Amino acid sequence: MKSKKQYRFKTEAEFKAEFGEDWRWKIPYSFVEDMDHFLGTPYRNEMIPSPNGSWNASVRYEGWTIGLDMLTTRRLPKILADGTIAKVGMKVLWLQSIFQHTGIINRIYLEDKDVNNILIACTCGLCNGINTWNVNICDVKKYVKPIPVPSEECTTQ
Ligand SMILES: [Zn+2]
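Residues numbered from 1 in each chain as written. Predicted model: local features only at pLDDT ≥ 70, side-chain atom pairs only at ≥ 80, totals over all residues.

S.K.: What exactly am I supposed to notice about the overall build of the protein here?
M.R.: In terms of regular secondary structure, the protein is built from two helices and nine strands. When the helices and strands of the protein are placed in sequence order, the string is β-α-α-β-β-β-β-β-β-β-β. Residue burial in the protein is summarised as follows: out of 157 residues, 15% are buried. Look at the contacts in the protein between residues 6 or more apart in sequence, and 47% of them connect residues 24 or more apart. (Helix = DSSP H or I, 4+ residues; strand = E, 2+ residues; numbered from the N terminus. Buried ≥ 20, exposed ≤ 12 C-beta atoms within 10 Å, placed from the backbone. Contact = placed C-beta atoms within 7 Å.)

Okay, structure coming up:
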């Protein structure tokens, strides 16, 4: 017998990636803060909502109205410390032995729940671009180019 697809709620990062910053109100049936305990959790209901637009598309679930856009069958993505969904090829930064490294994500381990690591090819000057690091994903942030701060002019009194 074919096993049934396992649905789960999307994470906040997935909602943002799909619907933008106003995701709560852009999702059909909307996703209020009181529903946040559902984020990323398995959907335990026999009834799966129909695609949006079909008759009676939503489903009642633990007192809330759930639409299909809130659910996914994808495996839970790995989320970086700043809430970004980790993707191979993404430039990231992290602190390791007081040095701030930057690098490119080489591999994301999705199979093993206990292995919360990603493999990063270092591109920073410290490592000369030849090292790869196995880093806990909770310590890694997406690299954002620093905004140059105009240096304060010397004030003479
Ligand atoms: Zn490095």
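S.K.: What's the story with the sheet that holds strand 5 (residues 91-96) in this structure? I'm lost.
M.R.: Hydrogen bonding along the main chain pairs the strands of a sheet, whether they run parallel or antiparallel. On the basis of which strands lie adjacent, the open sheet formed by five strands has the order 8-7-6-5-9 and antiparallel pairing. Two strands in the sheet have a free side with no partner beyond their single neighbour: strand 8 (132-136) and strand 9 (140-142). When strand polarity is set aside, the average angle formed by the axes of neighbouring strands in this sheet is 45 degrees. Here five bridges tie strand 7 (residues 117-122) to strand 8, and the two strands are oriented antiparallel to one another. Within strand 8, the position partnered with L119 by the bridge is N134. (Pairing = 2+ DSSP bridges. Axes fitted to C-alpha atoms, helices over the stretch in contact; angles between N-to-C directions.)

S.K.: How do you make sense of the pairing of strand 6 (residues 99-108) when you look at a structure like this?
M.R.: Look at any regular strand and the pattern is simple: side chains alternate between the two faces of the sheet. Here strand 5 pairs with strand 6 via six bridges, running antiparallel. Along strand 6, the bridge assignment pairs L95 with Q100. The turn linking strand 5 back onto strand 6 is made up of two residues, and S97 within it adopts a positive phi angle of 40 degrees. For strand 6 and strand 7, the ladder comprises five bridges, and the chain directions are antiparallel. Residue pairing across strands places I104 opposite A121, the latter belonging to strand 7.

S.K.: Explain unusual backbone geometry here, please?
M.R.: Negative phi is the rule for most residues except glycine; trans is the rule for most peptide bonds. Phi at N56 is positive, roughly 55 degrees, even though this residue is not glycine. Residue position: N56 is located in the loop between helix 2 (23-26) and strand 2 (59-61). In this structure N56 comes out as exposed when scored by C-beta crowding, with 7 C-beta atoms within 10 Å. Of note, E62 is a non-glycine position whose phi angle comes to about 50 degrees, a positive value. With 10 C-beta atoms packed within 10 Å, E62 lands in the exposed category.

S.K.: It is not clear to me how the nonpolar core should be interpreted in this structure. Could you clarify?
M.R.: The nonpolar side chains of a soluble globular protein tend to be buried, and buried together. L80, V92, W94, I105, I118, I120, C122, V135 and V140 form the largest nonpolar core, which has nine residues in total. Elements with a minimum of two residues in this core: strand 5 and strand 7. Considering every element that reaches this core, the biggest residue donor is strand 7, with three residues. Of all hydrophobic cores here, the second largest spans six residues; its members include F9, V59, I66 and L71. (Core = buried A, V, L, I, M, F, W, Y, C linked by C-beta atoms within 7 Å.)

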